[in-house]
Each structure stands twice: as C-alpha cells, then as structure tokens.
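This is what each chain is made of:
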Amino acid sequence: MARAADRSAKGSRGVRGRSHDLAAAHRAWAVAEPHRDLLVQGAPVPGHVAPADTWERARAVLGPFPPLFATGSPGPAVASTADGMTARLAADSTVGSWLSRYAPEAAGAPDGEVRAASAVAGAVPACTQSYGPVSLEAAGQFAGVAPRGRTLLGARMEMPADAFGLG
C-alpha cells in the first residue's frame with residue numbers, strides 16, 4: 001500500500017489532484033487485496049503491542065499525504081486540529097522526525113511550525129477520509145448500493161482539500 005501511495009503522489013495533477021490519486025491508489029490496493037486491507041483495519045487484540053517494524057510501515061502509508069497539506073492553510077473547520085498537531089509536534093519528537101522524512105519542506109520552512117502542523121493536521125483526516133469508503137468497499141459493504149465506492153471516495157477527498165484550501 002505504501003509503495004502504491006508513494007508512486008501516485010509523484011503525479012503532476014496539482015495538490016488536490018494528487019490527494020485524489022493517493023486515495024485512488026489506496027482503493028485499488030484494497031479492492032485487489034481485501035484480505036490485507038482487513039488485516040490493516042481489523043480491531044486490535046486487547047493487550048497486543050504491534051511489532052516495531054509495523055509502525056514504520058504504517059508511517060510510510062501516511063507519508064505521501066503531509067507534503068500536500070503543508071501547502072495548505074487550515075480553515076476554521078480544522079483550526080483546532082492544526083492547533084492540536086502543533087502541541088503534538090512540540091511534545092513528541094517522533095512525529096517531527098517522521099514529518100522531516102516525508103515533508104522536509106514543511107519542517108524546514110521559515111514558518112516551519114505552522115507548515116508542519118498543517119501538514120500533519122491535513123494528512124491524518126485525509127487518510128481517514130480515504131479509509132472509510134475504501135474499507136467498506138473492500139469488505140463488500142457497498143454491494144447493490146449507490147453511490148459506488150469510487151464516487152463516494154472522490155467526494156470524501158474533497159472535504160480535507162476544501163478545509164485546507166488546496167488548489
């Protein structure tokens with residue numbers, strides 16, 4: 001999934017188009033491999049601690065999203081999310097290190113704190129907007145229902161793009 005997302009993030013359709021491309025890559029992977037998507041989405045077993053290498057894989061899936069949102073500006077609907085991410089970045093150096101790897105332009109910008117918070121604050125909701133319809137479709141929950149998963153996914157990806165004023 002991370003490789004598919006990374007390949008799709010390198011397109012030239014503009015920031016908003018690339019967010020749709022990332023979601024489409026996720027959908028294509030999940031529909032082709034629903035058993036793996038279900039493993040990713042499955043409920044955690046109480047007391048289970050994921051192996052350390054799985055954290056890096058999860059970060060790689062989210063990695064292509066921050067550069068898109070680092071260019072945006074959080075609107076009123078997501079301002080509190082950006083504020084929360086500013087606090088999280090200050091409190092957890094792991095998040096900042098991850099961001100520096102995937103969106104160095106955000107972390108190193110003159111207004112780096114604002115760009116970094118915007119990058120993370122947009123990436124997380126965009127990823128969750130993608131996971132909802134994709135996982136439902138991969139699990140067969142849209143059988144006989146309109147709109148199709150692809151249509152719903154496109155509409156869901158517009159929400160974070162609008163909230164961050166992406167072009």
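Parameters and conventions
Residues numbered from 1 in each chain as written. Predicted model: local features only at pLDDT ≥ 70, side-chain atom pairs only at ≥ 80, totals over all residues. Heavy atoms only, no water. Helix = DSSP H or I, 4+ residues; strand = E, 2+ residues; numbered from the N terminus. Expected span 1.5 Å × (residues − 1). Buried < 20%, exposed > 50% of the residue type's maximum accessible area, 1.4 Å probe, protein only. Polar contact = N/O pair within 3.5 Å; in protein donor to acceptor, adjacent residues only side chain to side chain. Contact = heavy atoms within 4.5 Å. Salt bridge = Lys/Arg side-chain N within 4 Å of Asp/Glu carboxyl O.

## Brief notes about helix H10 (residues 149-163)
Residues lying three or four places apart along an α-helix face the same way, a consequence of the helix completing one turn every 3.6 residues. Counted at 1.5 Å a residue, the expected span for H10 with its 15 residues is 21 Å, and the 22 Å between its end C-alpha atoms agrees. All of the buried residues in H10 are Gly149, Leu153, Met157, Pro160, Ala161 and Ala163.

## Comments concerning the side chain of Ser130
Summarising the element assignment, Ser130 is placed in helix H9 (residues 112-138). A polar atom in the side chain of Ser130 sits 2.8 Å from the side chain of His26. Among all residues touching Ser130, those that are not within four sequence positions of it are Ala23, His26, Leu153 and Met157.

## Remarks on the pattern of salt bridges
Per the counting criterion, the structure on display carries six salt bridges. Arg16 is the salt-bridge partner of Glu158, the closest N and O atoms lying 2.4 Å from each other. Taken together, the residues span a long stretch of sequence, with Glu158 in helix H10 and Arg16 in helix H2 (residues 14-32) at a distance of 142 residues. On the basis of relative accessibility, which here comes to 27%, the residue Glu158 falls in the partly exposed class.

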